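# Structure assessment
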Amino acid sequence: GYRPSQHSVPPLAWLNAPYAATPKPHASHKGSHGDVAVIGGEGMATHGMGMGGAAVLAATAALHAGAGRVILSLLSGQASDSAPPDVMQREFMQLELEKLHVVCGCGGGTAVQALLPEVLKRSRCLVLDADGLNAVAQGSALQDALRQRAVHSAPQASVITPHPLEAARLLGCNTAQVQNDRLKAAQELAERFQCSVVLKGSGTVIAAPGQTPRINITGNGRLAIGGTGDVLAGLVGARMAQGLSSFDAACAAVAQHGQVADDWSPGEALTASRLARRLA
C-alpha cells in the first residue's frame, strides 16, 4: 500500500464529512439531549424594525434538530406568537446561562450589545452569530471576553458563524481579502478568538485551534436567502447540546444544513422557515 514519505506535506484542509444522523437511544428523556437558549430578536421600538423572526428561526431549527428543550428569549421583552408551541419563552434575566447552550445574536440589532458581557462570561456553551459578531467586532472588551471563554469555560465551548463581511469586521480587513483566502481567514479567526469558526459561503470553511480545517461541499445557491444563517446557528446549538464538541457540532451542522438544501424538491420554494422544520 501507499506509504507517505518523510517529506509529505500535511493537508491544508479536509473535505467535511457527510452528516450521518444518530437515532436517540430508547432509554433517554428530554434532559438527555441538552437545553438550548436562543437570545436575539430586537424589538420594533428600538429602530422601527422588529427582528424577532430571526431568533424564532434559530429556535425552530434547534427544536426540529432534536434539542431536549428550547428556550426563546427575545430582546424585545415580549413573547412571540409565531414561535412553535414546543418552545418555552423567558426573559433574559430568568436564564440560567451556566446550564445552557446559548445561541446569541440572531436579529439582535444593537440591543444585544448590552447583554453580551453576561452571555460571554456565563454561558456554558455559546454560538455567536449575526449582530452578536458585529458587537464583538466593535469592542475590544467584548473581543477579550470571547477569547477568555477558552480559559474559563469548558475547552472549545464557543462557535462563531460569520459571513464574509462579518469576518472582515472581526479581522479588521475587507471582504475581498477574506474571500481571496477563506482558509487563512477562518484559521486567523479561530486563533484570534480561540474558538471554532464557521466561515459561511460557497464552500463553507470550519476551523478551530489545533484542527485541520474542513471545507464543506454540500449546499447550493438556494440557501442565499434571508434566515438560513439563523437556521444554521440554531442547528449548531442543538448539536452542541447533544454532546458534540464545538468543532464536531459545527462540522455536522454545516454538512446537514447544506444536504437538506441539496435534497430539496425542485418544485418547492426553499424558505428559511421550511428549512428549519425539515431538520431532524
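Calculation criteria
Residues numbered from 1 in each chain as written. Predicted model: local features only at pLDDT ≥ 70, side-chain atom pairs only at ≥ 80, totals over all residues. Heavy atoms only, no water. Phe/Tyr/Trp six-rings, centres within 6.5 Å; stacked < 30°, edge-to-face > 60°. Lys NZ or Arg CZ within 6 Å of the ring centre and 35° of its normal. Buried < 20%, exposed > 50% of the residue type's maximum accessible area, 1.4 Å probe, protein only. Helix = DSSP H or I, 4+ residues; strand = E, 2+ residues; numbered from the N terminus. Pairing = 2+ DSSP bridges. Salt bridge = Lys/Arg side-chain N within 4 Å of Asp/Glu carboxyl O. Right-handed = clockwise from strand over helix to strand, strands pointing away.

## So, the packing of aromatic side chains
- According to the stated counting rule, one finds zero aromatic pairs in the structure shown.
- The lysine or arginine in question, Arg 278, covers the ring of Trp 264, its NZ or CZ lying 4.0 Å from the ring centre.

## Re helix 6 (residues 164–171)
- Across the eight residues that make up helix 6, a large majority, six, are buried.
- Among the residues of helix 6, Pro 164, Glu 166, Ala 167, Ala 168, Leu 170 and Leu 171 are the ones counted as buried.
- Downstream of helix 6 by one or two residues, Gly 172 has phi in the positive range, about 70°.

## Observations concerning unusual backbone geometry
- The phi dihedral of Ala 130 is positive, around 50°, even though this residue is not glycine.
- Structurally, Ala 130 is set in the loop between strand 6 (125–128) and helix 4 (131–138).
- The backbone phi angle of Gln 194 is positive, close to 50°, even though this residue is not glycine.
- Along the polypeptide, Gln 194 turns up in the loop between helix 8 (182–193) and strand 8 (196–199).
- For Gln 194, a relative accessible area of 31% puts it in the partly exposed group.

## Some points on the sheet that holds strand 2 (residues 35–40)
- The ten strands are arranged 1-10-9-8-7-6-5-2-3-4 in an open sheet whose pairing can be described as mixed. Edge positions in the open sheet fall to strand 1 (14–15) and strand 4 (88–89), since each of these has one partner strand only.
- Bridge analysis of strand 2 against strand 3 (residues 69–74) gives six bridges, and the strand direction is parallel. The partner of Asp 35 across the bridge, within strand 3, is Arg 69.

## Comments concerning the pattern of salt bridges
- In the structure shown here, the tally under the stated rule is eight salt bridges.
- Glu 98 is the salt-bridge partner of Arg 122, the closest N and O atoms lying 2.8 Å from each other. Taken together, the positions of Arg 122 in helix 3 (residues 116–122) and Glu 98 in the loop between strand 4 and strand 5 (101–104) put the pair 24 residues apart, joining distant regions of the chain.
- Residue class for Arg 122 comes out partly exposed when judged on its relative accessible area of 25%.
- Between Asp 144 and Arg 147 there is a salt bridge, with its nearest N and O atoms 2.4 Å apart. Taken together, the residues span about one helical turn, with Asp 144 and Arg 147 both in helix 5 (residues 140–152) at a distance of three residues.
- Using a relative accessible area of 39% as the deciding quantity, one classes Asp 144 as partly exposed.
- For Arg 147, a relative accessible area of 26% puts it in the partly exposed group.
- When salt bridges that share partners are traced, they join Glu 98, Glu 118 and Arg 122 into one network.

## Points about the pairing of strand 8
- Of the two faces of strand 8, the one holding Ser 196 and Val 198 and the one holding Val 197 and Leu 199 are both buried throughout.
- Of the pairings in the sheet, the one linking strand 7 (residues 158–160) to strand 8 comprises two bridges and is parallel in character. Note that in strand 8 the partner of Val 159 across the bridge is Ser 196.
- As paired elements, strand 8 and strand 9 (residues 205–207) share three bridges and run antiparallel to each other. Note on strand 9: the bridge partner recorded for Val 198 is Ile 206.

## So, the pairing of strand 6
- Here strand 6 shows no split at all, with Cys 125 and Val 127 on one side and Leu 126 and Leu 128 on the other all buried.
- Looking at chain direction, strand 5 and strand 6 are connected through four bridges and run parallel. Among the inter-strand pairings, Val 103 is bridged to a residue of strand 6, identified as Val 127.
- Regarding the hand of the β-α-β motif, the stretch spanning strand 5, helix 3 and strand 6 is right-handed.
- Note: strand 6 against strand 7, three bridges, orientation parallel. Counted as the bridge partner of Leu 128 is Ile 160 from strand 7.

Any functional reading would require information beyond the geometric quantities listed.
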